[in-house]
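Summary of structural features
Chain by chain, the residues:
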Amino acid sequence: MRRAVVIGAGGQIGRPAVAALARDGWAVTAASRGGGRDPDWPGEVRAERLDREDDAALDALIGDGCDLVVDIVAYEARHARQLTALAGRIGSAVVVSTASVYEDGMGRGFDTMGEPGGFPEYPVPIPEHQPTVPASDATYSTRKAAVERELLAAGDRLPTTLLRAGAVHGPHSPLPRELYFVKRNLDGRRRRVLAYGGSSRFHPAAARNVAELVRLAAARPGSRVLNACDPQAPTVAEIGAAVDAVMGAEAETVPLDGPEPSASVGRTPWSVPYPVVCDMSAAERELGYRPVVSYARSLPETVEWLTRRLSGRDWRDAFPVLARAYPELFDYAAEDAWFAA
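Our subject in this report is the structure included herewith.

How each quantity is defined
- Residues numbered from 1 in each chain as written.
- Predicted model: local features only at pLDDT ≥ 70, side-chain atom pairs only at ≥ 80, totals over all residues.
- Heavy atoms only, no water.
- Helix = DSSP H or I, 4+ residues; strand = E, 2+ residues; numbered from the N terminus.
- Rg over C-alpha atoms; globule rule 2.2 N^0.38 Å.
- Buried < 20%, exposed > 50% of the residue type's maximum accessible area, 1.4 Å probe, protein only.
- Areas by Shrake-Rupley, 256 points an atom, 1.4 Å probe, with all protein chains shown as cover.
- Contact = heavy atoms within 4.5 Å.
- Pairing = 2+ DSSP bridges.
- Right-handed = clockwise from strand over helix to strand, strands pointing away.
- Expected span 1.5 Å × (residues − 1).
- Axes fitted to C-alpha atoms, helices over the stretch in contact; angles between N-to-C directions.
- Phe/Tyr/Trp six-rings, centres within 6.5 Å; stacked < 30°, edge-to-face > 60°.
- Lys NZ or Arg CZ within 6 Å of the ring centre and 35° of its normal.
- Parallel < 35°, antiparallel > 145°, perpendicular 65-115°, else oblique.
- Left-handed = near helix turned anticlockwise from the far one by under 90°.
- Nonpolar A, V, L, I, M, F, W, Y, C, P; charged D, E, K, R; others polar.
- Salt bridge = Lys/Arg side-chain N within 4 Å of Asp/Glu carboxyl O.

Right, let's get into the overall build of the protein. Within the protein, the regular secondary structure consists of twelve helices and eleven strands. At 20 Å, the protein has a C-alpha radius of gyration in line with the 20 Å of a compact globule built from 341 residues. With the principal axes as the frame, the protein shows a C-alpha extent of 65 × 45 × 35 Å. Looking at the protein residue by residue over its 341 residues, the buried ones come to 55%. When the accessible surface of the protein is summed, it comes to about 14300 Å², and 49% of that surface belongs to carbon and sulfur atoms.

And the structure:
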């Protein structure tokens, strides 16, 4: 039986990736910091604790060798070098990267979005040959670019598929963008302000669809870069309407012609002045990719998980990563003052 090791198995993408590989006949070792099991995994999945920063522990986990390593938590060049050092004992790899490595050809990318005139203007849709940010230790995007450079350079020794994921969504997310609408509905907020006319598009990627790409790439090893997103890229207004439909809520959308007037009013985790939409034709052509779920069909389980996790808790305690990224996401007093003015 083919043996696969999944690093980061306890996370949002890792959980469905382990399940998809196991269903496809792989003997899966699911490695995570906590070493826990997901209830959806088949009983034969082997769960192991792993400190990703411990080279010796990773070496021991690979053991005499495996046919596949799926790495969902490779965040810097050193992590890529951990894998290439074990190339003689790994058949192939699938590593999750991010669409935030793209720049628009004028030096603008995700890292410059907060600067005056720094919003990138990407082609629509973005192909995999679009320029990427320089590799460095400066930011999340540049560190991911460094991971890509290291692994692509070692493609003759370790065939690696790099999956550039969009705005990942689904249960177990540390940065659940859908909370913007879910919490407002739970709090009885019946008006919301959306910058850029509610037309912002930041291509979502269901964790289950990324897992399907992992499964397909595992079956067809190679050195390649592929976008990893959903079949459609809905606008932020369409996302809000889809969440409302799941929750049986009615809310008025107040669109603004331009950017948000402040960080507390009109800003959402999808708010961008120009669309960020990835081209999925290469994945379809090279792997025969067909999404397993649409955005709308994936929402009920996401909404249910968010509602359950939020119950009785401050949202900042429930989702600290989201709170650090968007500390003023639910400043209702500022919204009310803006409406009153």
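Attention now moves to the environment of Glu252. Checked against the element boundaries, Glu252 lands in strand β11 (residues 252-255). Remark: the alpha-carbon pair of Glu252 and Ala138, spanning 114 residues in sequence, is separated by 40 Å. When near neighbours in sequence (up to four residues on either side) are disregarded, Glu252 contacts Arg190, Arg191 and Arg192.

Within strand β1 (residues 3-7), five of the five residues are buried, which leaves it mostly tucked inside the rest of the structure. A two-sided burial pattern is seen for β1, the buried positions comprising Arg3, Val5 and Ile7 on one face and Ala4 and Val6 on the other. Summarising the sheet, β1 and strand β2 (residues 27-32) pair through five bridges and their orientation is parallel. Across the sheet, residue Arg3 finds its bridge partner in β2, namely Ala27. When β1 meets strand β4 (residues 66-71), the two strands line up parallel, connected through four bridges. Along β4, the bridge assignment pairs Val6 with Val70.

Below, the discussion takes up the pairing of strand β5 (residues 90-98). Residues in a regular strand project their side chains so that they alternate between the two faces of the sheet. Burial within β5 is extensive, with eight of its nine residues counted as buried. Across five bridges, β4 lies against β5 in parallel orientation. The partner of Asp71 across the bridge, within β5, is Val95. Chirality of the crossover, the property in question, places the unit of β4, helix α3 (residues 77-85) and β5 among those that are right-handed. Here six bridges tie β5 to strand β6 (residues 160-165), and the two strands are oriented parallel to one another. Bridge pairing links Val96 to Leu163 in β6. Chirality of the crossover, the property in question, places the unit of β5, helix α4 (residues 140-153) and β6 among those that are right-handed.

What follows concerns α4. If you check α4, its first and last C-alpha atoms are 20 Å apart, about what 14 residues at 1.5 Å a residue would give, namely 20 Å. Of all the positions in α4, only Ser141, Thr142, Lys144, Ala145, Ala146, Val147, Glu148 and Leu151 are classed as buried. Elements in contact with the buried residues of α4: α3, β5 and β6.

Strand order in this open sheet of seven strands is β3-β2-β1-β4-β5-β6-β10, and the pairing throughout is parallel. The sheet is open, and its two borders are formed by β3 (46-49) and β10 (224-228), each paired with just one other strand. Shown here is a sheet whose adjacent strand axes are inclined to one another by a mean of 20°, direction ignored. Taken together, the five bridges between β6 and β10 define a ladder with parallel strand orientation. Paired with Arg164 across the strands is Asn227, a residue of β10. Of the strands in this sheet, β4, β5, β6 and β10 are in contact with helix α6 (residues 207-219), which crosses β6 at around 165°.

Time to look at the packing of aromatic side chains. Here the distance between the centres and the angle between the planes together describe a pair of aromatic rings. Going through the model one piece at a time under the given rule, you end up with nine aromatic pairs. Here the aromatic rings of Tyr180 and Phe181 are separated by 5.0 Å at their centres, their planes lie at 90°, and the arrangement is edge-to-face. One aromatic cluster is present, formed by Phe110, Tyr122 and Phe202 through successive ring pairs. One cation-aromatic arrangement involves Arg189 over Tyr332; the distance from NZ or CZ to the ring centre is 4.3 Å.

Bringing the packing of helix α7 (residues 236-247) against helix α9 (residues 295-310) into the picture now. Viewed as axis vectors pointing N to C, α7 and α9 meet at an angle of 55°, and their least axial separation amounts to 10 Å. With respect to each other, α7 and α9 are oriented oblique. The element α7 and its partner α9 pack so that their crossing is right-handed. Across the interface between the two elements, Ile239, Ala242, Val243, Val246 and Met247 from α7 touch Tyr295, Leu299, Pro300 and Val303 from α9. Its residues placed into classes, the contact of α7 with α9 shows nine nonpolar, no polar and no charged.

Inspection of every chain in the model, using the stated rule, returns 21 salt bridges. Residue Arg89 pairs with Asp59 through a salt bridge whose shortest N-O separation is 2.4 Å. Placement of the pair is Arg89 in the loop between α3 and β5 and Asp59 in helix α2 (residues 55-62), with a sequence separation of 30 residues. The network of salt bridges with shared partners includes Arg184, Arg189, Glu335 and Asp336.

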